[in-house]
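# Commentary on secondary and tertiary structure
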Number of protein chains: 2
Amino acid sequence: MINQYKDEDKVLLAVDCIIFGFDNEELKLLLIKRDFEPEKGKWSLMGGFLKKSEVLDEAASRVLQHLTGLNDVYMEQLYSFSKIDRDPVERTISVAYFALINIADHNSELSESHSAQWFGLEDMPELIFDHNAMVKHAIRRLRYRTATQPIGFELLPEKFTMRQLQKLYEAIFDHELDKRNFTKKINAMDLLVRLDEKDMTSSKKGSFLFKFDEQKYKKKVMDGFSFKV
Amino acid sequence: MINQYKDEDKVLLAVDCIIFGFDNEELKLLLIKRDFEPEKGKWSLMGGFLKKSEVLDEAASRVLQHLTGLNDVYMEQLYSFSKIDRDPVERTISVAYFALINIADHNSELSESHSAQWFGLEDMPELIFDHNAMVKHAIRRLRYRTATQPIGFELLPEKFTMRQLQKLYEAIFDHELDKRNFTKKINAMDLLVRLDEKDMTSSKKGSFLFKFDEQKYKKKVMDGFSFKV
DNA sequence: ATAAATAAGTGTATTAATTACATTTATAAA
DNA sequence: TTTATAAATGTAATTAATACACTTATTTAT
């Protein structure tokens, strides 16, 4: 078969990762300080180029793994950015991905070796290229996704308190929630199991730890349930 | 400046368009019968390759224009598909876009010259490559977008009846709605203007025509309004 | 002139979901 | 024993969603 595509233009395809974390107070992003040109010394998302042998999801996972040491992380393709001069070196289309990680899990020596640092969404530096737009887009998507699927748990340790969960949703949606109404809603969905274990760090009384029950969730979804917070 | 990207792989980037239309009864897709290899004679989405000189949105508009003759159409980037062998000819990543057009507006001679045809979502043929997955994805996105933004109007003529609008939402969400509740909800949003003009084709009494008031919508959005149907 | 047929247009009552709001409880430290 | 602190919990009010059926305007047929 002759190659009827042979006269078409080829381009570089990059992936850039918006890496979200949560420190029990605010939503954070893991950014790297570029130690290479162009824009050396500026802050940026972690990125890399797609290889012919991988699919986009794999490239994004590889990039994330390289910075954090983590595998099996919640990642989602966001949008492809294609402004002609978005990268001054050469025409590059970038596919943005976002990842949700539990900050405590990542390899901080590894990320520090890339001059990476966590920034709260409020005190983020300006980023290179179109990375600010990517972040904005990612926050919108994260809000939508979190409201309709139980992915928030990806940002928490396996065992968490109600307060942590509420603080997380408050951080994602950037508005305060009523504790009683929140608990009521979460309990009504019946997706968490309360453990016989308490977190004693936050109060004298201690607060119960919970776990998200993935199996139960899947069963419910099959019966027509849809998550909504 | 030396080109530090020179050893990276380059790939073909395609765009494929999921073109939605509405015939007052069901949601339809405009598909083409391929008159070239591979998969000649099979049904497919309309597509094309990204040129170095254009951004993805432009490529998608060009492809749509080429098939339908239409410009200034609602289009939205959907997702990038990258399976290694999705196109057997050569490694090609495809960025899917969806478009919403008013069927009556398009140049049907032009589309027929590409052996294009409208298919109801129910009686669609199998499509080539990963195009079935693209369509599935597009329907999901269309439902979400339609539920939260007033883009349904893109599928209707400028002037339309309440019944047409209801039928459209029923087609998009694939379930029936109560006429009184629907009217109530739409009227409560106060985004339509009722014209002093009636459509006489559907009944002896005639039914009032409405127009979507884009300006009013924009103003409301600025005051914190959010569309929800 | 009248009756029949047809889709358009409209309102109310019920149920469910969301919001607002304050006190008691368990525990450690003083 | 008191004090301080966060955890845990329930009810009433409001708002949104749903279920449901008759009247109106008009044309066509008798």
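Conventions used here
Residues numbered from 1 in each chain as written. Chains lettered and ligands numbered in written order. Predicted model: local features only at pLDDT ≥ 70, side-chain atom pairs only at ≥ 80, totals over all residues. Heavy atoms only, no water. 1 Å grid on protein atoms, 1.4 Å probe; cavity = no way out; pocket = protein on both sides within 12 Å on 5 of 7 lines; lining within 4 Å. Points joined across faces, edges and corners; volume = space filled by probe spheres on them. Nonpolar A, V, L, I, M, F, W, Y, C, P; charged D, E, K, R; others polar. Helix = DSSP H or I, 4+ residues; strand = E, 2+ residues; numbered from the N terminus. Contact = heavy atoms within 4.5 Å. Near = heavy atom within 4 Å. Polar contact = N/O pair within 3.5 Å; in protein donor to acceptor, adjacent residues only side chain to side chain. Least-squares fit on C-alpha atoms with pLDDT ≥ 70 in both. Domains from an automatic or database assignment. Buried area = accessible area lost by both parts, 1.4 Å probe. Patch = residues over 30% accessible without salt bridge, like charges linked within 9 Å, V, L, I, M, F, W, Y side chains within 5 Å. Areas by Shrake-Rupley, 256 points an atom, 1.4 Å probe, with all protein chains shown as cover. Salt bridge = Lys/Arg side-chain N within 4 Å of Asp/Glu carboxyl O. Lys, Arg positive; Asp, Glu negative; His and termini not counted. Charge placed at Lys NZ, Arg CZ, Asp CG, Glu CD. Expected span 1.5 Å × (residues − 1). Buried < 20%, exposed > 50% of the residue type's maximum accessible area, 1.4 Å probe, protein only. Arc of directions from axis to C-beta.

Residue and element names in this part refer to chain B. Evaluated as defined, the whole model comprises 2 cavities of 30 Å³ or more. The volume enclosed by the largest cavity comes to roughly 40 Å³. Forming the walls of the largest cavity are F153, Y169, I186, M189, L191, L192 and F227. Residue composition of the lining of the largest cavity, grouped by class: 7 nonpolar, no polar and no charged.

A separate point is the side chain of D130(A). Inspection of the secondary structure puts D130(A) in the loop between β7 (116–120) and α3 (131–148). Sequence-distant contacts of D130(A), defined by excluding residues within four places in its chain, comprise F81(A) and R86(A).

Here we come to the protein's contact with DNA strand D. As a structural note, the neighbourhood of DNA strand D is formed by 17 residues, with K184(A), R180(B), N181(B), K184(B) and K205(B) the closest of them. Between DNA strand D and D178(B), the relevant distance is 3.2 Å, taken from a base nitrogen to a side-chain nitrogen or oxygen of the residue. The separation between a sugar or linking oxygen of DNA strand D and a polar main-chain atom of K204(B) is 3.3 Å. Looking at the surface near DNA strand D, the elements that each hand over two or more residues are α5 (179–189) and β10 (207–212) of chain A together with α5 (179–189) of chain B.

Our focus in this paragraph is the relation of the copies chain B and chain A. Aligned on chain A, chain B shows an RMSD of 0.0 Å; the corresponding rotation is 180° and the shift along the axis is 0.0 Å. Taken together, the rotation angle and the small translation identify this as a two-fold axis. When the interface residues of chain B are mapped onto chain A, 100% of them again lie at the interface, so the same face is used by both copies.

Attention shifts here to the domain arrangement of chain A. Residues and elements named next belong to chain A. Here the domain parsing of chain A yields domain 1 (12–148) and domain 2 (156–222). Using C-alpha coordinates to define each centre, domain 1 is positioned 27 Å away from domain 2. Contacts between the two partners involve 10 residues from domain 1 and, on the opposite side, 10 residues from domain 2. Around 960 Å² of area is buried between domain 1 and domain 2 when both sides are counted, 63% of it from carbon and sulfur atoms. Interface area lost by domain 1 to domain 2 is led by F22, R143 and T146, which between them contribute 47%. Linking domain 1 with domain 2 are 2 residue pairs in polar contact (both at pLDDT 80 or more), by the criterion used here. Taken together, the residues of the side of domain 1 that touches domain 2 break down into 4 nonpolar, 3 polar and 3 charged.

Let us look at a positive patch on the surface. Judged by side-chain charge, R163(A), K179(A), R194(A), K198(A) and K205(A) come together as a positively charged surface patch. Within the secondary structure layout, R194(A) lies in strand β9 (residues 192–199).

Residue and element names in this part refer to chain B. If you check helix α1 (residues 56–68), its first and last C-alpha atoms are 18 Å apart, about what 13 residues at 1.5 Å a residue would give, namely 18 Å. Listing the buried residues of α1 in full gives L56, A59, A60, V63, L64, L67 and T68. Relative to the axis of α1, the buried residues are bounded by an arc of 145° and lie together on one face. Positive backbone phi, approximately 80°, marks G69, located one or two places after α1.

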